[in-house]
Amino acid sequence: MQPSERDQVLRRVMAALSAIQHPTSGEDVVSSGRVRELDVLEDGTVRFRFALQADDPGTLVRQARAAAEKVDGVQKVKIDISLPAAGAPQKKGPLRAGNVPAPTPNANLLPGVSRIVAVSSGKGGVGKSTVAVNLAASLARSGQRVGLLDADIYGPNVPIMFGETRKPRVVGEKGKEKMEPLDAYGVRLMSLGFLLEDEQPAIMRGPMIAGILKQFLSEVEWGELDVLVVDMPPGTGDAQLSLVQTIRLDGVVMVTTPQDVSTGDVLRGIKMFERTNTPLLGIVENMAGFICPCCGQRYEIFGRAGGQRLAGQTGVEFLGEVPLEMIVREGGDEGVPVVVGQPESPSAVALREIAERVAARLSLAAPAAV
């Protein structure tokens, strides 16, 4: 494309974008400063940065992309999205689901995977990995083809909880090599823990975390799966944002314990996924009560019904509660998920019912739009 042609395309794109107005303020996306660094490359690719504001509807970026793609001479559109800074003031009241969309993920990154479910929490120590492991094992035992990606980079516990110590094989022709997941209890597994030595710490910054997640998604031979379960690290940081920016998620399961210090952090996690337009499948209340094996008395060690109250507060479905039992810890340490090793125990029954509810939600919901 000649420079004169590029200038003409640039003017046409600018005019098309200027016609897109914010539904509340009436400002167009160009004069308001949302569209920045607009350029047209020699191959006809239009590239610009879109600076989202806290009160922007989820359709604004998609409108900008669609308008640019319709311009004569445009071959491709690439948008670099800047999310609102943490703590930025909001113009139009509280945030709601879909106010701030995640950057468009790659719809073709995992073509053989039908559904992708993340298991997340606001803080560590709530049994998130235990829920993820038993969710995956339960779905596999029900006949589903299941994979489990251990994205908890700093605390990769999936190898221990599945009793796997082998190293993944590398398969494929030269230049197109991929790692082959390990298989345990019918679940295909991949974890950084398989690649590290026993005492080797995972010391890395945010960009490295994003790179590892992308490698585990694009350079692993997952094959055909009905469900890929992703065990997320706790919090609302780089790993969570990298995931929603890289792949489409069909839903998130939030794990909490009953006490306020946990539910408060999980509430922040829920708001983060709402801001990135990610569906929430429901809330699991773990360690919901301890029944003494000697006397049968129930003790509410971590409080009572905090997850249920959080579900009522947020409107997110309550998927169920899992009692605090020693066999859950023992199964995790021994590498046998409780739904496999003690399938008739109260905790295993609760986890299996939660898995059934998650499966039902996934079958009712259409795949996440991209």
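Residues numbered from 1 in each chain as written. Predicted model: local features only at pLDDT ≥ 70, side-chain atom pairs only at ≥ 80, totals over all residues. Heavy atoms only, no water.

Caption draft 1: Representation of the overall build of the chain in the model. Counting secondary structure elements, the chain contains 11 helices and 14 strands. Look at the contacts in the chain between residues 6 or more apart in sequence, and 73% of them connect residues 24 or more apart. As displayed, the chain has an accessible area near 17,500 Å², and 49% of this comes from carbon and sulfur atoms. (Helix = DSSP H or I, 4+ residues; strand = E, 2+ residues; numbered from the N terminus. Contact = heavy atoms within 4.5 Å. Areas by Shrake-Rupley, 256 points an atom, 1.4 Å probe, with all protein chains shown as cover.)

Caption draft 2: View of the nonpolar core. Counting 76 residues, the largest nonpolar core has Leu 148, Leu 228 and Val 229 as the members making the most contacts within it. The dominant element in this core, judged by the number of residues it contributes, is helix 3 (residues 128-141), at 8 residues. With near-sequence residues (within four places) excluded, Leu 228 lies in contact with Leu 110, Val 113, Arg 115, Ile 116, Val 117, Gly 147, Leu 148, Leu 149, Leu 217 and Trp 222. Within the second largest apolar cluster, 22 residues are counted, among which are Val 13, Leu 38, Leu 60 and Val 61. (Core = buried A, V, L, I, M, F, W, Y, C linked by side-chain atoms within 4.5 Å. Buried < 20%, exposed > 50% of the residue type's maximum accessible area, 1.4 Å probe, protein only.)

Caption draft 3: Focus on helix 2 (residues 60-69). When helix 2 is considered as a whole, its buried residues turn out to be Leu 60, Val 61, Ala 64, Ala 67 and Ala 68. Along helix 2, the residues classed as buried sweep out an arc of 130 degrees about the axis, all on the same side. The inward-facing, buried residues of helix 2 abut helix 1 (3-18), strand 2 (45-51) and strand 3 (76-82). (Arc of directions from axis to C-beta.)

Caption draft 4: Just helix 1, in detail. Given a rise of 1.5 Å per residue, 16 residues ought to cover 22 Å, and the 22 Å separating the end C-alpha atoms of helix 1 matches this to within 8%. Three or more residues of helix 1 are buried, namely Val 9, Val 13 and Leu 17. Projected onto a plane normal to the axis of helix 1, the buried residues spread over an arc of 70 degrees and lie on a single side. Of the exposed residues in helix 1, the ones pointing more than 90 degrees away from its buried face are Arg 11 and Ala 15. Summarising the contacts, the buried residues of helix 1 are in contact with strand 1 (35-40), strand 2 and helix 2. (Expected span 1.5 Å × (residues − 1).)

Caption draft 5: Region of interest: the pattern of salt bridges. Evaluation of the coordinates by the stated rule reveals 16 salt bridges. Taking the shortest distance from any N to any O, the salt bridge between Arg 115 and Asp 250 comes out at 3.9 Å. With Arg 115 in strand 4 (residues 113-120) and Asp 250 in the loop between helix 6 (238-246) and strand 11 (251-256), this residue pair connects regions lying 135 residues apart in the sequence. Beyond isolated ion pairs, a larger network of salt bridges with shared partners links Arg 115, Arg 248 and Asp 250. (Salt bridge = Lys/Arg side-chain N within 4 Å of Asp/Glu carboxyl O.)

Caption draft 6: Representation of the packing of aromatic side chains in the model. Inspection of every chain in the model, using the stated rule, returns 1 aromatic pair. Centre to centre, the rings of Phe 162 and Tyr 185 are 6.2 Å apart; their planes meet at 35 degrees, and the pair counts as tilted. With Phe 162 in helix 4 (residues 158-162) and Tyr 185 in the loop between strand 8 (182-184) and strand 9 (187-191), the pair connects residues that are 23 residues apart, well separated along the chain. (Phe/Tyr/Trp six-rings, centres within 6.5 Å; stacked < 30°, edge-to-face > 60°.)

Caption draft 7: Structural context of the side chain of Ser 129. Relative to the helices and strands, Ser 129 is located in helix 3. Residue Ser 129 is classed as buried on the basis of its relative accessible area, which comes to 8%. A distance of 2.7 Å separates a polar atom in the side chain of Ser 129 from a polar atom in the side chain of Asp 231. With residues near it in sequence (within four places) discarded, Ser 129 still touches Asp 152, Met 161 and Asp 231. (Polar contact = N/O pair within 3.5 Å; in protein donor to acceptor, adjacent residues only side chain to side chain.)

Caption draft 8: Broad picture of the sheet that holds strand 1. Reading across the sheet, the 3 strands line up as 1-2-3 and stay open at both edges, with mixed pairing between neighbours. In the strand order of this sheet, the two ends are held by strand 1 and strand 3, each with one partner. Going from strand to strand, the sheet's axes swing by 15 degrees on average, the running direction of each strand aside. Looking at chain direction, strand 1 and strand 2 are connected through 4 bridges and run antiparallel. Each bridged residue has a counterpart across the sheet, and for Val 40 the counterpart in strand 2 is Val 46. The sheet strands contacting helix 1 are strand 1 and strand 2, and the helix crosses strand 1 at an angle near 150 degrees. Against the sheet, helix 2 touches strand 2 and strand 3, its axis set at about 155 degrees to strand 3. (Pairing = 2+ DSSP bridges. Axes fitted to C-alpha atoms, helices over the stretch in contact; angles between N-to-C directions.)

Caption draft 9: How the structure looks around the packing of helix 7 (residues 260-275) against helix 8 (residues 306-314). Closest axis-to-axis distance for the helix 7/helix 8 pair is 10 Å, and the angle between their directions is 35 degrees. The interaxial crossing formed by helix 7 with helix 8 has right-handed handedness. On helix 8, the residues that touch Asp 260, Thr 263, Val 266, Leu 267 and Ile 270 of helix 7 are Gly 306, Gly 307, Arg 309, Leu 310, Gln 313 and Thr 314. Class assignment of the residues belonging to the contact of helix 7 with helix 8 gives a composition of 4 nonpolar, 5 polar and 2 charged. (Left-handed = near helix turned anticlockwise from the far one by under 90°. Nonpolar A, V, L, I, M, F, W, Y, C, P; charged D, E, K, R; others polar.)

Caption draft 10: Main features of the environment of Arg 36. Positionally, Arg 36 belongs in strand 1. You can call Arg 36 partly exposed: its relative accessible area is 36%. For the pair Arg 36 and Ala 51, spaced 15 residues apart in sequence, the C-alpha to C-alpha distance is 7.5 Å. Dropping the residues within four chain positions of it, Arg 36 is found in contact with Phe 48, Arg 49 and Ala 51.

Caption draft 11: Here's a closer look at unusual backbone geometry. In this model, Glu 37 sits at a positive phi of 55 degrees, which is unusual for a non-glycine residue. Locating Glu 37 in the fold gives a position in strand 1. Judged by its relative accessible area of 57%, Glu 37 is exposed.

Caption draft 12: Representation of the pairing of strand 9 within the structure. By the criterion of burial, strand 9 is predominantly enclosed, with 4 of the 5 residues buried. Pairing of strand 5 (residues 146-150) with strand 9 involves 5 bridges; the strand directions are parallel. The residue bridging Val 146 from the neighbouring strand is Val 187, located in strand 9. Bridge analysis of strand 8 against strand 9 gives 3 bridges, and the strand direction is antiparallel. Counterpart to Leu 182 in the pairing with strand 9 is Leu 189. The turn linking strand 8 back onto strand 9 is made up of 2 residues, and Tyr 185 within it adopts a positive phi angle of 55 degrees.

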